[in-house]
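Descriptive structure summary
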Amino acid sequence: MDSYELLTRNAEEVVTDEEVRDLAEDPAGKRAYVGYEPSGVLHLGHLLTANKLIDLQDAGMEVVILLADVHAYLNEKGTFEEIRETAEQMKAQFLAYGLDEDNAEFVYGSEFQLEEEYTLDLHHLERETTMNRAQRAMAEIQGDETAKVSHLVYPLMQTLDIEYLDLDLAVGGLDQRKVHMLAREKLPDLEYEVRPALHTPIVADLTSGEGKMSSSEGITISMEDSTAELEEKVNAAFCPPTRDPEGDLENPVLELFEYHVFPRFDEIVVERPEKYGGDLTYEEYEALAADLESGELHPADAKGTLATYLDELIAPGREKLREIRD
Ligand code: NAL
């Protein structure tokens, strides 16, 4: 796979394609970031962007993982001490998941976000941005509760971080796109450079295939799940025999194969007894999706296989969590 393909595979959107093509010409040593509000347990949403970080490392880039403690505080995720503690657990789980430690830098937001120069730049951005614009940038990140002033400061700080961490590429889920567009619009006002952004897809809700998978409502799969819990969740998932169900529905089982399993394994084996046709082996997502559509692969076999591979992916992190908690 060439660098451009590695950088962009499974990306829902790149802004702009031309800028990312330039980056792919010579990715060695360039820096990409993802930021996370610290939480004690990683779930599939985190792992989707982590898969992209692994692609970027494979292309020779350095990745910067911002443990966004101040942002989590602004978004009311706990006391500062609680957030700090969950950030350490988060870092341990990312490394267990397979990020290459030699090409990954973990940074706490509070290491630089409380400095005088940063604060003055932030106030400058506050003067340049309407409340309406900041609120819109934050709409998909914040919960449903009434916006506080902290929710307006949040996207402005995320904008500034792109400059302060000296990055060449901003990575995030599609829910981060409005912040990244705000950054592209506002950083030039402070005479800072515009950087390209890459957005990963948001996986559909596991049981309905509708809307987005979320850790706060509905079901997600996390590093905390036992093998049995994981199997139970996958077995209950919505999986029509098509990749394009009607209306606004998606096939979450296929999405998990595409975004979580195939990027991490060279080959997927569906184990079946001889009387049901014997084992099936796939090197590419497309072939598996086509077999599900044709009826060659039964949804129940697809789910069983998905659970097995997801379990293998989360097992090291699950083990790490146990160690930390004991
Ligand atoms: C991501 C988040 C917070 C701050 C950031 C700063 C720089 C780059 C990325 C960042 C978390 C993200 C979320 N907004 O919703 O999880």
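Residues numbered from 1 in each chain as written. Predicted model: local features only at pLDDT ≥ 70, side-chain atom pairs only at ≥ 80, totals over all residues. Heavy atoms only, no water.

So, on to the packing of aromatic side chains. Scanning all chains against the criterion turns up eight aromatic pairs. Ring centres of Phe112 and Tyr164 lie 6.5 Å apart, and the angle between their planes is 15°; on these two criteria the pair is classed as stacked. You can see Phe112 sitting in the loop between strand E4 (104-108) and helix H6 (116-128) and its partner Tyr164 sitting in helix H8 (residues 149-164), a full 52 residues away along the chain. Under the relative-accessibility criterion, Phe112 is labelled buried at 13%. For Tyr164, a relative accessible area of 24% puts it in the partly exposed group. Taking 4.9 Å as the distance between ring centres and 70° as the angle between the ring planes, the aromatic pair formed by Tyr118 and Tyr164 counts as edge-to-face. With a gap of 46 residues between them, Tyr118 in helix H6 and Tyr164 in helix H8 connect regions that are remote in the sequence. Joined through ring pairs, the aromatic side chains of Phe112, Tyr118 and Tyr164 make up one cluster. We note Arg21 situated over the ring of Tyr4; from NZ or CZ to the ring centre the distance is 4.0 Å. Cation over ring: Arg264 sits above Tyr97, and NZ or CZ is 4.6 Å from the ring centre. (Phe/Tyr/Trp six-rings, centres within 6.5 Å; stacked < 30°, edge-to-face > 60°. Helix = DSSP H or I, 4+ residues; strand = E, 2+ residues; numbered from the N terminus. Buried < 20%, exposed > 50% of the residue type's maximum accessible area, 1.4 Å probe, protein only. Lys NZ or Arg CZ within 6 Å of the ring centre and 35° of its normal.)

Quick look at unusual backbone geometry now. Cis geometry marks the peptide bond from Val15 to Thr16, where omega comes out at -10°. Counting through the fold element by element, Thr16 comes out in the loop between strand E1 (13-15) and helix H2 (17-25). Phi at Asn10 is positive, roughly 60°, even though this residue is not glycine. A relative accessible area of 26% means that Asn10 is categorised as partly exposed. Phi is positive for Glu76, which is not a glycine, with a value near 60°. For Glu76, the position within the fold is in the loop between helix H4 (69-74) and helix H5 (80-97).

When you tally the buried positions in helix H11 (residues 252-261), you get nine out of ten residues, the bulk of the element. Residues of H11 that are buried include every one of Pro252, Val253, Leu254, Glu255, Leu256, Phe257, Tyr259, His260 and Val261, and no others. Buried residues in H11 make contact with helix H3 (44-58), strand E7 (268-270), helix H12 (285-294) and helix H13 (299-325). Two to three positions downstream of the cap, the backbone nitrogen of Val253 sits 3.1 Å from a side-chain oxygen, assigning the N-cap of H11 to Asn251. (Contact = heavy atoms within 4.5 Å. Polar contact = N/O pair within 3.5 Å; in protein donor to acceptor, adjacent residues only side chain to side chain.)

So, on to the side chain of His260. Its place among the elements puts His260 in helix H11. Not counting residues within four places of it along the chain, the set of residues in contact with His260 comprises Leu44, Leu47, Leu48, Asn51, Val203, Glu255, Leu310 and Leu313.

To continue, consider the packing of H11 against H13. At their nearest, the axes of H11 and H13 sit 11 Å apart, and the two run at 35° to each other. For H11 against H13, the interelement crossing comes out left-handed. Where H11 abuts H13, its residues Val253, Leu256, Phe257, His260 and Val261 lie against Ala302, Lys303, Thr305, Leu306, Tyr309, Leu310 and Leu313. Partitioned by chemical class, the residues of the contact of H11 with H13 number nine nonpolar, two polar and one charged. (Axes fitted to C-alpha atoms, helices over the stretch in contact; angles between N-to-C directions. Left-handed = near helix turned anticlockwise from the far one by under 90°. Nonpolar A, V, L, I, M, F, W, Y, C, P; charged D, E, K, R; others polar.)

Turning our attention to the site of the ligand. Every residue near the ligand is listed here: Tyr33, Gly35, Glu37, Leu66, Ala68, His71, Ile141, Tyr154, Gln158, Asp161 and Gln176. Here a nitrogen atom of the ligand and a side-chain polar atom of Tyr154 are 2.8 Å apart. In isolation the ligand offers 380 Å² of accessible surface; the protein chains occlude 90% of this area. Those elements that place two or more of their residues in the shell around the ligand are strand E2 (31-36) and H8. Sorting elements by how many residues they give to the shell around the ligand places H8 first, with three residues. Across the shell around the ligand, the residue classes break down as five nonpolar, four polar and two charged. (Near = heavy atom within 4 Å. Areas by Shrake-Rupley, 256 points an atom, 1.4 Å probe, with all protein chains shown as cover.)

Here the focus is the side chain of Arg195. Along the chain, the position of Arg195 falls in the loop between helix H9 (177-186) and strand E6 (197-200). In terms of polar contacts, Arg195 uses its side chain to reach the backbone carbonyl oxygen of Leu167, at 2.8 Å. For Arg195, the contacting residues outside a window of four places in its chain are Glu19, Ile162, Glu163, Asp166, Leu167, Asp168, Arg184 and Leu187.

Another aspect to go through is the UniProt feature "binding site: L-tyrosine" (unreviewed entry) in the protein chain. Taking the numbering used here, the UniProt-annotated feature "binding site: L-tyrosine" (unreviewed entry) corresponds to Tyr33, Tyr154, Gln158, Asp161 and Gln176. Residue classification places Tyr33 among the buried residues on the basis of a relative accessible area of 5%. Each residue touching Tyr33, except ones within four places of it in the same chain, is listed here: Val64, Ile162, Leu167, Leu169, Ala170, Val171 and His180. Tracing the backbone shows Tyr154 in helix H8. Taking the relative accessible area as the measure of exposure, Tyr154 reaches 5% and is therefore buried. Ignoring anything within four residues of it in the chain, the contact list for Tyr154 reads Glu37, His71, Leu74, Asn75, Met138 and Ile141. (UniProt positions renumbered as here; feature names shortened; annotations may be inferred.)

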